[in-house]
Amino acid sequence: MTGDAPKTAQHMAHGVPHAIALGFQFVSADNGVAIMKMPWREDLVGDPETGVIAGGAVTSLLDHVGGMAIGSAFAAASRDGATTSMATLDLRIDYMRPAHPRRDIVARAHCYKLTHTIAFVRASAFEDSADDPVATVQAAFALTGGGAR
Amino acid sequence: MTAPQQRLAEVLAAIPYVRFLGMTAQLAGDEMTAILPFSRHLIGNTVLPALHGGVLGAFMEMTALTELSIREPLRRQPRTIDVTIEYLRPGRALTTYARAEVRKIGRRIANVHVEAWQELRDSPVAALRGHFLLSPAE
């Protein structure tokens, strides 16, 4: 469902300066599940000895795709194309292993619970398979309005 | 230059992602303050405008890693095991500062807390707690 992504997802994929600077690519956003990709880049390397991309860049990707999953869950729940804005409350990241150098990193987020004020999200980052993650995330976001309550 | 100052300069210069963020750091005695000047490419919310949440997390994680790297000679960079990031206020279009406190440093694992603020030290914008894997130089 890449053709008719909700407005929030479109904005988050193409309208946010930091997402553009990191080269995020929109893959999909549908019914609370969002996927984005971050291509490997020399200037994002965090460990010059290994060429592994910085954990911080992966943090940004996971936070971003989490927000996009919420946008799509909100759109699915409201059924009238309403959008919402949100702010991250907390984000816990566990790093399972270093990312493979020179490989794109894919992040998938699932907004598994949406209340009037809070959204709960799980996400993971990987190269090929979600079964072999680089990092996993548990996060809570505050919904800060902009759409139907 | 003292040994920690030397190591600080080397650590920051070696990491491409530090340059991407535009992060610098200063040492006053043994206390390091990391500095992140505002730049347009760090924006996550164009309406407010506000720094991207990932930027604050990344900046604080890098502050923790740098603090560990300058404290003692390590064979290689510390590796992040886990971090918990708490967002307290929107990061505005201003310079952000951060300091790390090493709560426990063991043979293999360190526990570090970081706090980031902008204009007011007592009104932090975000905080981070994390565990890091060390490879001590033998």
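Residues numbered from 1 in each chain as written. Chains lettered and ligands numbered in written order. Predicted model: local features only at pLDDT ≥ 70, side-chain atom pairs only at ≥ 80, totals over all residues.

Enquirer: How should the overall build of chain B be read in this particular structure?
Expert: When you go through chain B residue by residue, the secondary structure sums to three helices and eight strands. Over its C-alpha trace chain B gives a radius of gyration of 15 Å, about what one expects of a compact globule, namely 14 Å for 138 residues. Seen through its principal axes, chain B has C-alpha atoms that stretch 50 × 30 × 25 Å. Across the 138 residues of chain B, 43% fall into the buried class. Residue pairs in contact within chain B that sit at least 24 positions apart in sequence constitute 63% of those at least 6 positions apart. (Helix = DSSP H or I, 4+ residues; strand = E, 2+ residues; numbered from the N terminus. Rg over C-alpha atoms; globule rule 2.2 N^0.38 Å. Buried ≥ 20, exposed ≤ 12 C-beta atoms within 10 Å, placed from the backbone. Contact = placed C-beta atoms within 7 Å.)

Enquirer: When you look at the nonpolar core in this model, what are you seeing that I'm missing?
Expert: Most often, soluble globular proteins keep nonpolar side chains buried together rather than apart. One finds Leu61(A), Val65(A) and Phe59(B) to be the most contacted residues of the largest nonpolar core, which totals 87 residues. Top element by residues in this core is helix α3 (residues 55–78) of chain A. It accounts for 11 residues. When residues no more than four places from it in sequence are discounted, the contact partners of Leu61(A) are Phe24(A), Met36(A), Met38(A), Ile105(A), Ala107(A) and Ala125(A). (Core = buried A, V, L, I, M, F, W, Y, C linked by C-beta atoms within 7 Å.)

Enquirer: It is not clear to me how the packing of α3(A) against helix α3 (residues 53–71) of chain B should be interpreted in this structure. Could you clarify?
Expert: The packing of two helices is summarised by the inter-axis angle and the distance between the axes. At a minimum axis distance of 8 Å, the contact between α3(A) and α3(B) shows a crossing angle of 155 degrees. In terms of orientation, α3(A) lies roughly antiparallel with respect to α3(B). You can see that α3(A) and α3(B) cross each other, and the crossing is right-handed. Residues Gly55(A), Gly56(A), Ala57(A), Thr59(A), Ser60(A), Asp63(A) and His64(A) of α3(A) touch α3(B), and the partners they reach there are Gly53(B), Gly54(B), Val55(B), Gly57(B), Ala58(B), Glu61(B) and Met62(B). Classifying every residue of the contact of α3(A) with α3(B) by side-chain character gives four nonpolar, eight polar and two charged. (Axes fitted to C-alpha atoms, helices over the stretch in contact; angles between N-to-C directions. Parallel < 35°, antiparallel > 145°, perpendicular 65-115°, else oblique. Left-handed = near helix turned anticlockwise from the far one by under 90°. Nonpolar A, V, L, I, M, F, W, Y, C, P; charged D, E, K, R; others polar.)

Enquirer: Would you mind going over the interface of chain A and chain B with me for this structure?
Expert: The figure often quoted for interface size is the accessible area lost as the parts come together. On the chain B side, the residues contacting the 30 residues of chain A number 30 residues. For the side of chain A that touches chain B, the elements supplying multiple residues, two or more each, are α2 (17–21), β3 (45–47), α3 and β5 (86–95) of chain A. In terms of residue count, the dominant contributor to the side of chain A that touches chain B is β5(A) (nine residues). Of the residues that constitute the side of chain A that touches chain B, the class distribution is 13 nonpolar, nine polar and eight charged. Bridge analysis of β5(A) against strand β5 (residues 79–87) of chain B gives five bridges, and the strand direction is antiparallel. The residue of β5(B) that forms the bridge with Asp94(A) is Asp82(B). (Pairing = 2+ DSSP bridges.)

Enquirer: How should the confidence of the model for chain B be read in this particular structure?
Expert: Caution applies to low-pLDDT parts of the model: their predicted coordinates are not meant to be read in detail. Within chain B, residue pLDDT values average 94, and 99% of them lie at 70 or more. For this predicted complex, the interface score ipTM comes out at 0.94, while the overall pTM is 0.93. (pLDDT = per-residue confidence, 0-100.)

Enquirer: Even after reading the chapter, I still don't get unusual backbone geometry, so can you show me in this structure?
Expert: Trans peptide bonds make up the majority, and among non-glycine residues the majority have a negative phi. In the segment running from Leu48(B) into Pro49(B), the intervening peptide bond is cis, with an omega of -15 degrees. By the element assignment, Pro49(B) lies in the loop between β3 (43–45) and β4 (50–51). Even without a glycine there, the phi angle at Asn31(A) is positive, about 55 degrees. Among the structural elements, Asn31(A) can be located in the loop between β1 (25–30) and β2 (33–38). A tally of 14 C-beta atoms within 10 Å means that Asn31(A) is categorised as partly exposed. Non-glycine residue Arg102(A) carries a positive phi angle of around 60 degrees. Residue Arg102(A) is classed as partly exposed on the basis of its 13 C-beta neighbours within 10 Å.

Enquirer: What exactly am I supposed to notice about the packing of helix α1 (residues 3–14) of chain B against α3(B) here?
Expert: All names here are of chain B. The N-to-C vectors of α1 and α3 enclose an angle of 135 degrees; their axes lie 8 Å apart at closest approach. Taken together, the axes of α1 and α3 lie oblique to each other. The two elements α1 and α3 cross, and the hand of that crossing is right-handed. Contacts between α1 and α3 involve Pro-4, Arg-7, Leu-8, Val-11 and Leu-12 from the first element and Thr-66, Ser-69 and Ile-70 from the second. For the contact of α1 with α3, the per-class residue count stands at five nonpolar, two polar and one charged.

Enquirer: Looking at this structure, I do not really get the environment of Glu127(A). What am I missing?
Expert: Residues and elements named next belong to chain A. One can find Glu-127 in the loop between β7 (118–126) and β8 (135–143). Taking the C-alpha atoms as reference points, Glu-127 and Gly-46, 81 residues apart in sequence, are found 17 Å from one another. Apart from residues lying up to four places away in sequence, Glu-127 is in contact with Ala-99, His-100, Arg-103, Asp-104, Ile-105 and Val-106.

Enquirer: I'm lost on the environment of Ile93(A) in this one. Help?
Expert: Position of Ile93(A) among the secondary structure elements: in strand β5. Considering only alpha carbons, one finds Ile93(A) and Ser124(A), 31 residues apart in sequence, at a separation of 9.0 Å.

Enquirer: In this structure, what is going on with the confidence of the model for chain A? I would like to understand it.
Expert: Residues and elements named next belong to chain A. Summarising the model, chain A shows a mean pLDDT of 89, and 88% of its residues fall at 70 or more. Here helix α1 (residues 7–14) stands out as the least confident element of chain A, with mean pLDDT 65; β7 is the most confident, with 98. Note that residues 1–5 has pLDDT below 50 and, in this model, seven contacts with residues that lie over four places away or in other chains.

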